[in-house]
Amino acid sequence: MASTIMDLVRDIDVEFSPLIVCGIIAGVVFACWQFLFTGLDPREPPEVRSSIPFGHLFGMLWYKAEYVTVLSRKVKQPIYTIRILGTRMYILCSPEFIQRTFANPKAFTFEPFVSTAVRRLLNISEPDMKILLQEPGPEKLPSYAQDIHDLEHSTLTPGAALSQLNDAFQTRLAKSFNEIDTEGTTVNLHSWSRDVVTQAACAAILGPDNPYEDDPTLIEALWDFETDIVLLILRILPSLTARRGYVGRARLRTAYLSYHHTGLWKQGSPLLRGMREIGKKHGFNDTQIAEWDVLFTIAAVTNAIPISFWMLSYILADPQLTPSVRGELKAIVTVKEDGKGGKVLTLDPRMIREHCPILISIWEEMLRFTSQPTLGRYVTTDTVVNNEYLLKAGSVVQIPTGITQSNPSYWGPDSSSFNARRFFKTDKDGKEKASKDEREQEKLQRRAYTPFGGGKNLCPGRHAAANETLSFVAMMIYAFTIENKDGKPFKVIETAPRAAGASVPKAEGDVEVIIRLRDDLRGARLAFAGGEGR
Ligand code: HEM
């Protein structure tokens, strides 16, 4: 109780000082003035006004992260401006404009969004924040943010460090698969797959002796933190309004700190060790390093875990797909005697791209269909895009990728539904089947396809995400039968509204299933080539 009161006092103290209240009033007056009197430059994209005053603001409050997507579907313009409380937002719905902004990261930057969120999430002081983000000074030393960016891209692009991460993921995943009861295990598929894949993803980043192994309830704490992240960034009485996330964050902080103090970080991934080294170089203490590690873990699981569940669900819901996928997976699976009277089934995820075109098509379609982030960029300098429109410094660019990723002129009349074979490119003999027109269409699609964002901030974890999802789904489909507990045909469950900042929505509710090893594999141990446990 006493600690709750202290939390409250701390929140109020931070958020509602007289200075901040005056600031808010001044901001509102300024915003109203802007709204009523400031015109747009004629070279700016056309303005879309709402029919009622402050309509866009209400729209944002109502639809949250989805508002610009909902509005863009109605407006049907390639580029337009809206104003909310005096801030200009340019909404980009055409691949042409989107690619131009990706190509100019100096003028259109993502960093202010990250730094504001991180500062508020971790309570970093202004001076520390300056150190964090400082531009290279006269000595030309890169900032912490730049060092981390470079590290992420070097350790997560194909190479030795990524292979090590992938192998560690698969080793831990195989352990969970081998724990499934031979007679069958009844689970809630959504929460079970979330826990199994999270456990493996954390082992990949943090190493085999990580806090989640000692205390699996930390998985729940991680997802509580992830779910409440927007409320924690807003910081309006977080100990009350985001209680679960608030407590989860504190538990994770303590657990990661102990992981660093006890030296367990030494068996972590090259990425994790690199983050620690960079933190130390920039003068961070262990608590700050631990907090960054927690945030990175969130970035690594927030989209990859839900998409694993969706991909498995869409395959299970189509009776034709399971046999087709199993058929092509045969080429990458071996079953051998293990020398101890048993057998071991080994699946090699590194061969999926070459041998499993249907599975790859499903993965790419899954990304198109579910990963529809609204990307944000801050305009740092007045810039003309495409020799056509002026985007003014101090404004915000919003890119609702759901618009381009479901536009029928790029994707055809079935653009708003899931089509497992949309990206299937080879005929039975493995020859390219695309005609010239189809190849032109593919070019358009490639420009309209941004499930991982783009430009300088293109998701560095995209290769790891592909490995995680494909390894999980491939083994689930190949080695197990998965049936609804109530005996009815499997159906894809509802999606929850996409959270602000998330690319992939989570599921609403759950579905109870029985997972059983296939009869012909009874007694076999499951393993991945690359991962241990063979
Ligand atoms: C299917 C799974 C995933 C999806 C759909 C996804 C999507 C995204 C998107 C849309 C962005 C923002 C890009 C932009 O603004 O242009 C992003 C950034 C990021 N993602 Fe992912 N991501 C996934 C998995 C992962 C994984 C597995 C990791 C780590 C292992 C990861 C680490 C990051 C990081 C560190 C950033 C920030 C990059 C920066 O600011 O430069 N992501 N991701």
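Residues numbered from 1 in each chain as written. Predicted model: local features only at pLDDT ≥ 70, side-chain atom pairs only at ≥ 80, totals over all residues.

Student: Could you give an account of the environment of K425, naming the residues involved and the relevant values?
Tutor: Inspection of the secondary structure puts K425 in the loop between α23 (408-411) and α24 (436-448). Taking the number of C-beta atoms within 10 Å as the measure of exposure, K425 has 17 and is therefore partly exposed. Sequence separation between K425 and P357 is 68 residues, and the spatial gap between their C-alpha atoms is 7.5 Å. (Helix = DSSP H or I, 4+ residues; strand = E, 2+ residues; numbered from the N terminus. Buried ≥ 20, exposed ≤ 12 C-beta atoms within 10 Å, placed from the backbone.)

Student: Can you break down the site of the ligand residue by residue, with the values?
Tutor: In the vicinity of the ligand there are 26 residues, among which N303, G453, C459, G461 and A465 approach most closely. Elements that contribute at least two residues to the shell around the ligand include exactly α8 (144-156), α17 (286-301), α18 (304-316) and α25 (462-479). Tallying contributions element by element places α8 first for the shell around the ligand, with 3 residues. Taken together, the residues of the shell around the ligand break down into 17 nonpolar, 8 polar and 1 charged. (Near = placed C-beta within 6 Å. Nonpolar A, V, L, I, M, F, W, Y, C, P; charged D, E, K, R; others polar.)

Student: So what about helix α5 (residues 95-102)? Which residues, and what values?
Tutor: Within α5, the full set of buried residues consists of F97, I98, R100 and T101. The arc that holds the buried residues of α5, viewed along the axis, is 160°, so those residues lie on one side. (Arc of directions from axis to C-beta.)

Student: Report on the nonpolar core, specifying residues and quantitative values.
Tutor: Counting residues in each nonpolar core, the largest one holds 92 residues, and the members touching the most others are A201, M311, V473, A474 and M475. Looking at this core element by element, the count peaks at 12 residues for α25. In contact with A201, not counting residues within four places along its chain, are F169, A300, V301, A304 and E468. Within the second largest apolar cluster, 23 residues are counted, among which are M60, I82, I91 and F108. (Core = buried A, V, L, I, M, F, W, Y, C linked by C-beta atoms within 7 Å. Contact = placed C-beta atoms within 7 Å.)

Student: Report on the UniProt feature "binding site: heme" (unreviewed entry) in the chain, specifying residues and quantitative values.
Tutor: Sites flagged by UniProt as "binding site: heme" (unreviewed entry) map to C459. One can find C459 in the loop between α24 and α25. Residue C459 is classed as buried on the basis of its C-beta count, with 21 C-beta atoms lying within 10 Å. If we ignore the near neighbours within four places in the chain, the residues touching C459 are F452 and G453. (UniProt positions renumbered as here; feature names shortened; annotations may be inferred.)

Student: Can you tell me about the pairing of strand β10 (residues 396-400), naming the residues and giving the values?
Tutor: In the sheet, strand β2 (residues 87-92) pairs with β10 via 3 bridges, with the strands oriented parallel. When the sheet's bridge partners are listed, Y90 is paired in β10 with V397. Sheet analysis places strand β7 (residues 374-379) next to β10, joined by 5 bridges and oriented antiparallel. Considered in β10, the bridge of Y378 is made with V396. (Pairing = 2+ DSSP bridges.)

Student: I'd love a proper account of the environment of S125, names of residues and values included.
Tutor: Take S125: it is sitting in the loop between α6 (111-122) and α7 (126-133). Residue classification places S125 among the exposed residues on the basis of 9 C-beta atoms within 10 Å. Separated by 80 residues in sequence, S125 and I205 have C-alpha atoms that sit 28 Å apart.

Student: Please provide a residue-by-residue account of unusual backbone geometry, values included.
Tutor: The residue K76 is not glycine, and still its phi comes out positive at about 55°. One non-glycine residue with positive phi stands out, namely N386, at about 60°. Secondary-structure assignment places N386 in the loop between β8 (383-385) and β9 (389-391). N386 sits in the exposed class, given 12 other C-beta atoms within 10 Å.

Student: Describe the environment of V197, with residues and values.
Tutor: Positionally, V197 belongs in helix α10 (residues 189-206). The class of V197 is buried, set by 25 C-beta atoms lying within 10 Å. The sequence separation of V197 and Q288 amounts to 91 residues, and the corresponding C-alpha distance is 26 Å. Apart from residues lying up to four places away in sequence, V197 is in contact with I305, S308, E468 and F472.

Student: I'd like a rundown of the sheet that holds strand β11 (residues 480-484), residues and numbers included.
Tutor: Note on sheets: strands pair through backbone hydrogen bonds, and any given pair is parallel or antiparallel. Ordered in space as β4-β12-β11, the 3 strands form an open sheet in which the pairing is antiparallel. Every interior strand has two partners, whereas the edge strands, β4 (185-188) and β11, have only one. The average angle at which neighbouring strand axes cross in this sheet is 30°, direction not considered. Judged from the 4 bridges that link them, β4 and strand β12 (residues 512-517) form a sheet pairing that is antiparallel. (Axes fitted to C-alpha atoms, helices over the stretch in contact; angles between N-to-C directions.)

Student: Tell me about the sheet that holds strand β1 (residues 79-84), residues and numbers included.
Tutor: The mixed open sheet is built from 5 strands, whose spatial order is β1-β2-β10-β7-β3. A strand with exactly one partner marks an edge of an open sheet, and here the two such strands are β1 and β3 (108-109). Examined bridge by bridge, β3 and β7 share 2 bridges and lie antiparallel to one another. Bridge pairing in β7 links F108 to V379.

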